[in-house]
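Listed below, chain by chain, are the residues.
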Amino acid sequence: MNYKKPILWLTAVLLVVFITATVGGSFYMLDYALSPAPYRTDTSAYFRQQFEEYPETRPWVDSLRRIGALRDTFITTDGRHERQHAYYVSRGSRRTAIVIHGWRDNAVEFFYLARLYERELGYNVVMPDLHAHGLSEGDAISMGWLDRKDVMQWLRIFQTDTMVVHGVSMGGATTMMTSAEKMPEGVRDIRFVDDCGYTSVWDQFAKELREQFGLPAFPLMYSSSLLCRWRYGWSFGEASAIGEVASSPYPMLFIHGDSDKFVPTEMACRLYDAKPSHKSLWITKGTPHAHSYYDHREEYIRRIRAFVMP
């Protein structure tokens with residue numbers, strides 16, 4: 001009896017099933033990871049959430065609104081030609097902070113950091129909604145990689161003598177990815193604060209694929225990265241915060257909770273080791289993901305003050 005033909009048919013069927021499952025899984029993974037928050041433009045809801053979690057921000061925002069100091073600003077980005085939004089608070093200072101939010105968040109959710117810089121340190125503050133977040137245009141999240149170019153445009157528009165870029169979670173990764181760019185000549189002193197950012201999109205997605213779905217990196221990480229390159233113009237492998245940090249010449253403060261399960265604390269140690277110089281690391285005690293300020297407010301403010309105003 002000739003078994004070769006059935007075996008060939010079975011192999012072909014299994015190959016088709018494998019390819020179909022991989023392609024379908026790649027589309028699902030990409031949509032799962034990069035789809036914007038469904039209610040991202042509902043700023044009223046985000047303000048209510050911010051005021052509940054950080055009550056001190058309500059009187060601050062009210063006072064800014066009374067004098068017209070909290071401004072909505074829109075630009076058209078250079079690369080993607082999209083309308084992007086930011087809040088801007090000006091004190092007429094020669095120091096400006098750019099505060100960058102996390103994945104599926106928006107600028108409003110990090111007004112507590114904007115308040116720190118404006119009220120405690122006397123900075124102007126720019127709070128962008130990243131691509132596909134908040135009031136900014138975009139159909140898919142860029143995980144900080146393409147966003148670094150948008151941050152550079154905000155930095156050039158609002159540049160002052162002294163600047164700081166401070167991001168949390170995906171915003172921290174965006175901050176680190178921005179730190180290797182060539183800064184405008186008019187900026188005399190610029191510093192970067194990474195609060196619980198990931199080493200790379202590849203590392204973070206591979207971790208989530210393993211923990212959430214029990215799947216190895218091969219083949220989905222590779223096929224999804226190729227699909228991301230085809231659909232959005234970037235791949236998981238190139239979106240590397242640790243690669244950019246390794247060539248960044250600017251001072252950087254790394255902050256990370258020792259109980260962070262979402263972005264593992266060991267990533268902060270790897271990032272710190274990759275930074276060649278002008279660096280410091282603060283591991284906060286008993287702190288989950290993106291809660292270092294919430295759990296250690298006084299020390300957080302003290303450390304930021306010491307870092308940006310030495």
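Residues numbered from 1 in each chain as written. Predicted model: local features only at pLDDT ≥ 70, side-chain atom pairs only at ≥ 80, totals over all residues. Heavy atoms only, no water.

Q: I'd like a rundown of the overall build of the protein, residues and numbers included.
A: A tally of regular secondary structure across the protein gives twelve helices and eight strands. Over its C-alpha atoms the protein spans a radius of gyration of 21 Å, differing by no more than 12% from the 19 Å that the globule rule assigns to 310 residues. On the principal axes, the C-alpha backbone points of the protein span a range of 90 × 40 × 35 Å. Taking all 310 residues of the protein together, 54% fall into the buried category. Across the protein, contacts joining residues at least 24 apart in sequence account for 76% of those joining residues at least 6 apart. Surface exposure of the protein reaches about 14,200 Å², of which carbon and sulfur atoms provide 56%. In the protein, 35 positive and 36 negative side-chain charges are present, and the distance between their average locations comes to 2 Å. (Helix = DSSP H or I, 4+ residues; strand = E, 2+ residues; numbered from the N terminus. Rg over C-alpha atoms; globule rule 2.2 N^0.38 Å. Buried < 20%, exposed > 50% of the residue type's maximum accessible area, 1.4 Å probe, protein only. Contact = heavy atoms within 4.5 Å. Areas by Shrake-Rupley, 256 points an atom, 1.4 Å probe, with all protein chains shown as cover. Lys, Arg positive; Asp, Glu negative; His and termini not counted. Charge placed at Lys NZ, Arg CZ, Asp CG, Glu CD.)

Q: Now, about the pattern of salt bridges: what can you tell me, with residues and values included?
A: Counted by the stated rule, this structure contains 18 salt bridges. The shortest N-O distance in the salt bridge between Asp161 and Arg94 comes to 2.4 Å. Of this pair, Asp161 sits in the loop between helix H5 (147-157) and strand S5 (162-168) while Arg94 sits in the loop between strand S2 (83-89) and strand S3 (95-100), placing them 67 residues apart in sequence. Take Asp161: its relative accessible area is 22%, and that puts it in the partly exposed class. A relative accessible area of 59% places Arg94 in the exposed class. The shortest N-O distance in the salt bridge between Lys207 and Glu211 comes to 2.9 Å. Here Glu211 and Lys207 lie together in helix H7 (residues 201-213), a separation of four residues that amounts to about one turn. (Salt bridge = Lys/Arg side-chain N within 4 Å of Asp/Glu carboxyl O.)

Q: Give a detailed account of helix H4 (residues 111-120), specifying residues and quantitative values.
A: Here H4 lies mainly inside the structure; eight of its ten residues are buried. Within H4 the residues assigned to the buried category are Phe111, Tyr112, Leu113, Ala114, Arg115, Leu116, Tyr117 and Glu118. Backbone geometry just after H4 places Gly122 at a positive phi near 75°.

Q: Pulling in residues and values, what's your account of the packing of helix H3 (residues 57-66) against H4?
A: Between H3 and H4, the shortest axis-to-axis distance is 10 Å and the interhelical angle comes to 65°. Of the possible angle classes, the one that applies to H3 and H4 is roughly perpendicular. Seen along the crossing, H3 lies across H4 with a hand that is left-handed. Contacts between H3 and H4 pair Thr57, Trp60 and Val61 from the former with Phe111, Tyr112, Ala114, Arg115, Glu118 and Arg119 from the latter. When its residues are assigned to classes, the contact of H3 with H4 shows five nonpolar, one polar and three charged. (Axes fitted to C-alpha atoms, helices over the stretch in contact; angles between N-to-C directions. Parallel < 35°, antiparallel > 145°, perpendicular 65-115°, else oblique. Left-handed = near helix turned anticlockwise from the far one by under 90°. Nonpolar A, V, L, I, M, F, W, Y, C, P; charged D, E, K, R; others polar.)

Q: Residues and numbers for unusual backbone geometry, please.
A: Outside of glycine, negative phi angles account for most residues, and trans bonds account for most peptide bonds. With an omega of 5°, the peptide bond between Phe218 and Pro219 qualifies as cis. Tracing the sequence through the fold places Pro219 in the loop between H7 and helix H8 (220-232). In this model, Ala132 sits at a positive phi of 65°, which is unusual for a non-glycine residue. Mapping Ala132 onto the fold places it in the loop between strand S4 (124-128) and H5. At Cys196, a residue that is not glycine, the phi angle is positive and equals roughly 60°. For Cys196, the position within the fold is in the loop between strand S6 (189-195) and H7.

Q: For the environment of Glu56, give the residues involved together with the corresponding values.
A: One can find Glu56 in the loop between helix H2 (43-53) and H3. Remark: the alpha-carbon pair of Glu56 and Tyr112, spanning 56 residues in sequence, is separated by 8.0 Å. Here Arg297 takes part through its side chain, which lies 2.9 Å from a polar atom of the side chain of Glu56. (Polar contact = N/O pair within 3.5 Å; in protein donor to acceptor, adjacent residues only side chain to side chain.)

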